[in-house]
Amino acid sequence: MSLIVGLPALLALLLIGLWAAAALDTAIGRLIVGRPVGMAATDPLRAVVADYLRQRTDTEAPDHLNWLLAPGYYFLLAVVGLALVPFAPDQSLIALDTSVVLWGAAEAVVVVAVFLHGWSPNAPFPLIGAYRYVAIGLPVMLLSMFVLIAASIPAQSLDLRAVVESQRGLWNVIRQPLGLPLFLAVVMSLTLRGPFDYADSADLAGGTSAEDGGPRWIAWQTARAAMLVAACAIAATAFLGGYLGPVLPGWLWLSLKTLAVMVAVVLLTHLVPRMPVARMLTLIWIVLLPIAFLDLLIAGLGAL
Amino acid sequence: MTMTDVAFYLLSGFAIWTGWRVFRVDSMIRATFLLLLSFTSVGLIGLLLSASYLGAATIFMMAVEMMVMGLFMVMFMMNPAGLNPMMMVHQHRLSIVAGLLIFAAMTGAVLLTPLPSDPVAADRPVLRDLGIELLGDSMLIFETAGVTLLATMLGAVVLSSRRGRFGPTDAGSVPPGLSAGGPPAGRQPKGGGSHGGHGGHGGHGGQGGKGAHDGHGGGGSHGGHGKNGGDGNHGGHGG
């Protein structure tokens, strides 16, 4: 796909995805706590305007450059992730035979971006959030590696386009039932949500974004939502057959599946509580990682 | 000049500039992530040169490695968080001479070596060849190097973390009490060393225990004295 057509199309889809993510988050959040849903579709937009007009604050001796760049890195990584997703047979913006590895690299840099966002304000809560997130984010990335490698075993390729084609007979979510649930945990960690939100959580008064006000806040939340769209699209591609489906065009199937994954992630965000860091580390290393090995084993035995 | 050429020169320039900035900034975290930017540019050059796996893997490995390295440097050095300005270079004269010599040697090696011109056919399964090489003939080399590096890392951490803040860590060092002769401050790790080796990094201060919050003792309860083995040791701030 040529860049001149593909990039605007991708950014348009991302914009719709951003709005969908914000509206879903607002609506489901309100439903779960029993408040009226109200204008969940437009409230996020109103919040953006309100935040833009809010007073801009600054801390003492921050690293201005990194504070400015961190949401940019985060957003850029989301765009790279989305560009790796095939929208139709052989149609992805970045045509690469190792797109799974490049997505893994993007995940690794997400940890760096979140850390820099917490480190650069030079303030205690953001810094604690940053360190805490690294401790959780790095082992969660191992989960992602194993389930994505398992997903690419049936395709015998590290190319997401081939991974989708390999699911023509049977989707990976059925072939490797452990993959998608584990990847949902990865998505929550990548987007700082719910049980895996150790960076921006309320117990640190907002964590890495505790000192963000006005446009900074908008930029960071937008980047977070963009990463949610990208990670859900990757999940739909690797486990739910991506663009495959009858009647409707491929990109619409992909969008619907992405939306379904997004609903699941947002539900988990609001329903599952967050554990103390040490207990979560134990859970990741002692429980989730062996399950990821099992997933890899199932995929390997299935391929034999 | 094609787009690939332009991208190559831009990325090379960026890699060199960020590499130089590593030695000019005044904080370990900034130096670490500038180095990451430099390596990322090299990884992207790898993608340009059709080394798609090695390029992406370079970015991947370097991002994780730099993140861990930055954290460990902050942990083991005297400048927590790395925002306070500090001199990042030392032994100026020696390092300038050494740097120039190494630069001359490496440049000479590149210029004097008759580099082969052996373009790879476009339809060659490069990725497959690399996999066969890594897990075939060269497996012993890579596995040996990997295990050696892992052992080195563990050894370095063990050696450098022995001298803890409150005495040798293997002699059961504890922080002083809040009152004279009182129990040690802070949360205590769970008894019996039963803590999962991977999980909490038991030795590092506040990570070990299970209860996350100090000071939640409600209704005037006064935790923290007597037995240390409990799961959620309250820090003795009776509500």
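A few words now on the overall build of chain A. Summing up its helical and strand segments, chain A has 11 helices and 0 strands in all. Start at the N end of chain A and walk to the C end: the helices and strands fall as α-α-α-α-α-α-α-α-α-α-α. Its C-alpha atoms give chain A a radius of gyration of 19 Å, near enough to 19 Å, the size a compact globule of 304 residues would have. Each of the three principal axes of chain A carries a C-alpha extent, and together these read 60 × 45 × 40 Å. The 304 residues of chain A split such that 51% are buried. The long-range share in chain A, meaning contacts at least 24 apart out of those at least 6 apart in sequence, stands at 78%.

Among the nonpolar cores identified, the biggest contains 120 residues, and Met227(A), Val229(A), Cys232(A), Ala235(A) and Ala63(B) are the most heavily contacted of them. Looking at which element gives the most residues to this core, the answer is helix H9 (residues 215-239) of chain A, with 17 residues. Leaving out residues up to four positions away in the same chain, Val229(A) has contacts with Leu14(A), Gly17(A), Leu18(A), Ala21(A), Ala78(A), Leu82(A) and Thr258(A).

Residues and elements named next belong to chain A. Put simply, helix H2 (residues 43-53) and H9 touch, their axes get as near as 7 Å, and they point 145 degrees apart. Contacts from Val-48, Asp-51 and Tyr-52 in H2 reach Pro-215, Trp-217 and Ile-218 in H9. Tallied by class, residues from the contact of H2 with H9 come to 5 nonpolar, no polar and 1 charged.

Each partner contributes residues to the interface: chain B has 24 residues there, and chain A has 28 residues. Listed by contribution, the elements that provide at least two residues to the side of chain B that touches chain A are helix H2 (28-48) and helix H3 (52-76) of chain B. By residue number, the principal contributor to the side of chain B that touches chain A is H3(B), which donates 10 residues. Class assignment of the residues belonging to the side of chain B that touches chain A gives a composition of 16 nonpolar, 7 polar and 1 charged.

Locating Gly300(A) in the fold gives a position in helix H11 (residues 277-303). Residue Gly300(A) is classed as exposed on the basis of its 12 C-beta neighbours within 10 Å.

To continue, consider H9(A). Residues and elements named next belong to chain A. Helix length check: H9 (25 residues) gives 36 Å between terminal C-alpha atoms against 36 Å at 1.5 Å per residue, within 8%. The buried fraction of H9 amounts to 21 of the 25 residues, a majority that puts the element mostly inside the structure. The positive-phi residue at the C-terminal boundary of H9 is Gly-241, with phi of around 75 degrees.

Its location among the elements puts Arg193(A) in the loop between helix H8 (179-190) and H9. Discounting chain neighbours no more than four positions away, the residues touching Arg193(A) are Met188(A), Val265(A) and Thr269(A).

Take the domain arrangement of chain B next. Frequently, the measure chosen for interface size is the accessible area removed from exposure when the parts meet. Annotation of chain B at the domain level lists domain 1 (1-90) and domain 2 (126-170). Here the C-alpha centroids of domain 1 of chain B and domain 2 of chain B sit 21 Å apart.

Let's shift gears to the packing of H8(A) against H11(A). Residue and element names in this part refer to chain A. Packing of H8 against H11 brings their axes to within 10 Å, and their N-to-C directions diverge by 140 degrees. The angle between H8 and H11 falls in the class oblique. Viewed along their axes, H8 and H11 form a crossing whose handedness is left-handed. Packed against H8, whose contacting residues are Gly-179, Leu-182 and Ala-185, the element H11 presents Leu-288, Ile-291, Ala-292 and Asp-295 at the interface. Grouping the amino acids of the contact of H8 with H11 by side-chain chemistry returns 5 nonpolar, 1 polar and 1 charged.

Definitions and limits used
Residue positions are given per chain, counted from 1 along the sequence in the order it is written. Naming scheme: in the order in which they are written, chains are lettered from A and ligands are numbered from 1. Totals for whole chains, interfaces and linings use all residues, but because this is a predicted model, local features are given only for residues with pLDDT of at least 70 and pairs of side-chain atoms are given and counted only at 80 or more. Runs of E in the DSSP output that reach at least two residues are strands. Runs of H or I that reach at least four are helices, and both are numbered from the N terminus. Atoms counted for the radius of gyration: C-alpha only. Globule rule: 2.2 Å times residue count to the power 0.38. Put plainly, a residue is buried at 20 or more neighbouring C-beta atoms within 10 Å of its own, exposed at 12 or fewer, and partly exposed in between, counting only other residues' C-beta atoms, which are placed from the backbone. Note that contacts rest on C-beta atoms placed from the backbone: two residues are in contact if these are within 7 Å. By definition, a nonpolar core groups buried Ala, Val, Leu, Ile, Met, Phe, Trp, Tyr and Cys residues that are joined through C-beta atoms within 7 Å. For helices, the axis comes from a line fit to the C-alpha atoms of the stretch in contact; other axes are also lines fit to C-alpha atoms, and the angle between any two N-to-C directions lies between 0 and 180 degrees. Residue classes follow a fixed rule: Ala, Val, Leu, Ile, Met, Phe, Trp, Tyr, Cys and Pro count as nonpolar, while Asp, Glu, Lys and Arg count as charged, and any other residue, Gly among them, counts as polar. Multiplying 1.5 Å by the helix residue count minus one yields the expected span of that helix. Source of the domain bounds: an automatic or database domain assignment. Here is the rule for angles: anything less than 35 degrees is roughly parallel, anything more than 145 is roughly antiparallel, 65 through 115 is roughly perpendicular, and the remaining ranges are oblique. Rotating anticlockwise by less than a right angle from the far helix to the near helix defines a left-handed crossing, while the corresponding clockwise rotation defines a right-handed one.

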